[in-house]
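Coordinate inspection notes
The primary structure of each chain is shown beneath.
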Amino acid sequence: MRNPIAKSYSQDEQNLREDLAAAYRLVHYYGMTETIHSHISVRIQSEPAIFLINPYGMLFDEIRASDLVRVDVNGNKIDATDAEVNQAGFTIHSAIHLGCPDAHAIAHTHTVSGMAVAAMEEGLLPLNQASMEFYNRVAYHDYEGISLDLDERDRLVASLGQKNCLILRNHGLLTVGRTVAEALYYMYNLNKACEIQVNVLGTSTKPILPSPEICEHTARQFEEPTFYNQEVARIWEANRRLLDRLDPSYRQ
């Protein structure tokens with residue numbers, strides 16, 4: 001699957017490749033993978049639009065910067081490569097990339113807890129401080145089958161609206177960001193909120209729900225620009241240090 005020929009990219013593209021490869025490794029490290037399925041993508045060029053996505057068939061802990069595939073808005077490969085691209089996965093990603101100007105990076109997962117909450121009629125509940133970050137800030141998209149039809153793209157964009165997090169009902173989780181770091185920040189925290197909900201609802205006790213006023217206040221605290229920007233940057237830097245200790249081959 002890998003091309004043994006050395007590849008050369010611009011420094012900007014190489015940086016994005018390393019960020020995206022790091023995100024794949026981190027999704028594996030934090031237990032958010034489903035073998036070869038689900039995806040993370042990043043836009044590397046706007047006109048014409050070109051994106052990076054994983055080669056279909058590789059486990060997330062295998063992916064290196066040079067393995068990532070350049071594709072156009074329809075998922076067609078830009079370069080000559082034997083690597084395959086999951087068309088269903090890119091239908092989802094291309095919709096959001098095209099319809100949301102700030103969605104430079106998109107993460108999509110099929111975690112057990114994420115899929116469980118995606119099957120709950122009430123959606124995500126403000127059960128914990130971690131959950132309250134997403135209070136009234138998560139969008140929902142009804143299941144339409146495996147995402148192979150390009151005409152679903154407009155509906156996906158309409159469902160997401162101006163939000164950064166989308167629960168694909170009966171399917172999984174999707175987050176967007178201006179950077180790979182931001183998309184991964186939302187995905188980790190959103191999945192953690194889903195894990196909390198599955199655990200709480202799995203007990204026999206009645207959950208405590210804070211007032212709407214407290215939930216909104218907490219969500220706004222998370223959004224305070226200085227706190228938010230510093231938090232995303234610090235977590236990303238810490239995660240990159242972790243990967244460099246564990247296995248720096250993601251940079252290759």
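As the structure is a computational prediction, the values presented were derived from the model and not from experiment.

Regarding the overall build of the protein
Secondary structure summary: the protein contains eight helices and seven strands in total. Its C-alpha atoms give the protein a radius of gyration of 18 Å, within 12% of the compact-globule value 18 Å for 252 residues. In terms of its C-alpha atoms, the protein occupies a principal-axis envelope of roughly 60 × 40 × 30 Å. A buried classification covers 50% of the 252 residues belonging to the protein. Long-range pairs, those at least 24 residues apart, make up 68% of the contacts in the protein with a sequence separation of at least 6. Summing over all exposed atoms, the protein offers an accessible surface of approximately 12,300 Å²; the carbon and sulfur share of this is 51%. Of the side-chain charges in the protein, 22 are positive and 33 negative, and the distance between the mean point of each set is 4 Å.

Comments concerning helix H5 (residues 153-160)
Those residues of H5 that sit buried are Arg153, Leu156, Val157 and Leu160. For H5, the arc enclosing every buried residue in end-on projection is 95°, short of the 170-degree limit, so these residues lie on one face. Exposed residues pointing more than 90 degrees away from the buried face of H5 are listed as Asp154 and Ala158. Against helix H2 (87-99), strand E5 (138-141), strand E6 (165-168) and strand E7 (172-177) lie the buried residues of H5. At the exit of H5 stands Gly161, carrying a positive phi of roughly 60°.

Points about empty space enclosed by the protein
Taken as a whole and judged by the stated rule, the model has one cavity of 30 Å³ or more. For the largest cavity, the calculated volume is near 60 Å³. In terms of lining, the largest cavity is formed by Ile92, His141, Asp142, Tyr143, Glu144, Gly145, Ser147, Glu152, Leu156, Leu168, Arg169 and His171. Residue composition of the lining of the largest cavity, by class: four nonpolar, four polar and four charged.

A closer look at the sheet that holds E7
As summarised here, the arrangement of the seven strands in space is E3-E2-E1-E4-E7-E6-E5, forming an open sheet in which the pairing is mixed. The open sheet is flanked by strand E3 (69-71) and E5, the only strands paired with a single partner. Across the sheet, the mean angle from the axis of one strand to that of its neighbour is 25°, orientation sign disregarded. Summarising the sheet, E5 and E6 pair through four bridges and their orientation is parallel. Opposite Val138, over in E6, you have Cys165 as the bridge partner. Packing against the sheet, H5 makes contact with E5, E6 and E7, and its axis sits at approximately 150° to E5. Lying on the sheet, helix H6 (residues 180-201) is in contact with strand E1 (39-45), strand E4 (105-109), E5, E6 and E7; it crosses E7 at an angle near 150°.

Points about the pairing of E7
Burial analysis of E7 places six of its six residues in the buried class, which makes it a mostly covered element. The side-chain alternation of E7 yields two buried faces, one formed by Gly172, Leu174 and Val176 and the other by Leu173, Thr175 and Gly177. Pairing between E4 and E7: five bridges, direction antiparallel. Bridging from a neighbouring strand, Thr109 pairs with Leu173 of E7. Hairpin connection from E6 to E7: three residues lie between these consecutive antiparallel strands, with Asn170 at a positive phi of about 60°.

About the criteria used
- Residues numbered from 1 in each chain as written.
- Predicted model: local features only at pLDDT ≥ 70, side-chain atom pairs only at ≥ 80, totals over all residues.
- Heavy atoms only, no water.
- Helix = DSSP H or I, 4+ residues; strand = E, 2+ residues; numbered from the N terminus.
- Rg over C-alpha atoms; globule rule 2.2 N^0.38 Å.
- Buried < 20%, exposed > 50% of the residue type's maximum accessible area, 1.4 Å probe, protein only.
- Contact = heavy atoms within 4.5 Å.
- Areas by Shrake-Rupley, 256 points an atom, 1.4 Å probe, with all protein chains shown as cover.
- Lys, Arg positive; Asp, Glu negative; His and termini not counted.
- Charge placed at Lys NZ, Arg CZ, Asp CG, Glu CD.
- Arc of directions from axis to C-beta.
- 1 Å grid on protein atoms, 1.4 Å probe; cavity = no way out; pocket = protein on both sides within 12 Å on 5 of 7 lines; lining within 4 Å.
- Points joined across faces, edges and corners; volume = space filled by probe spheres on them.
- Nonpolar A, V, L, I, M, F, W, Y, C, P; charged D, E, K, R; others polar.
- Pairing = 2+ DSSP bridges.
- Axes fitted to C-alpha atoms, helices over the stretch in contact; angles between N-to-C directions.

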